[in-house]
Amino acid sequence: MKFTFAHNNINVQNLDTSIKFYEEALGLKETRRITPEDGSFIIVYLGDNETNHLLELTWLKDWDRPYNLGDNEFHLAFVVDDFEGALKKHKEMNCVCFENPGMGIYFINDPDGYWLEVLPKKH
């Protein structure tokens, strides 16, 4: 029996804002979308065009408040080939929420407050 990663899901309040953020900040592109006839939710899958792993964004029509992220100790991590360039870009986007120079990493916030770790590519 073998298991492989398929996707991670996060729920978002504004789907268009989130899609735009993930494309601008991390280069993720929409790969497919699920929209039921009743319009009660929309699911959008984002991919990096390099791996098979997807980020699933779920928008719920009747959700009327920010999501409770608890202590926000969970996160997704992304490896980037130009760490300094990415950090500069994310600082310009004003989305860097934590830097750890000692570990050589930093985190950004998405529009809903989810933390995303950025790591340099190891050579």
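Structure: above.
Residues numbered from 1 in each chain as written. Predicted model: local features only at pLDDT ≥ 70, side-chain atom pairs only at ≥ 80, totals over all residues. Heavy atoms only, no water.

### Quick notes on the nonpolar core
Rules: Throughout, nonpolar core names a set of buried Ala, Val, Leu, Ile, Met, Phe, Trp, Tyr and Cys residues whose side chains join them through atoms within 4.5 Å. Exposed residues in this analysis have more than 50% of their type's maximum accessible area, buried residues have under 20%, and partly exposed residues fall in between, with area computed by a 1.4 Å probe over protein chains only. The way it works is that DSSP assigns letters per residue, a run of H or I at least four long becomes a helix, a run of E at least two long becomes a strand, and they are numbered from the N terminus. Note on contacts: a residue pair is in contact if any heavy atoms of the two residues lie within 4.5 Å.
Counting residues in hydrophobic clusters, the biggest one holds 26 residues, and the most contacted among them are Y22, L55 and L57. Counting residues per element, this core draws most heavily on helix α1 (residues 15-26), at five residues. Every residue in contact with L55, bar those within four places of it in the chain, is listed here: N8, I10, Y22, L28, V44, Y45, L46 and L76.

### Overview of the pattern of salt bridges
We apply this condition: Salt bridges are counted wherever a side-chain nitrogen of Lys or Arg sits within 4 Å of a carboxyl oxygen of Asp or Glu.
The full count for this structure, using the stated rule, is five salt bridges. One salt bridge in this structure joins R33 and E30, with 2.9 Å as the shortest N-O distance. According to the relative accessible area criterion, E30 is partly exposed, its value standing at 37%. Taking the shortest distance from any N to any O, the salt bridge between E99 and K91 comes out at 3.3 Å. Assessed through its relative accessible area of 36%, E99 is described here as partly exposed.

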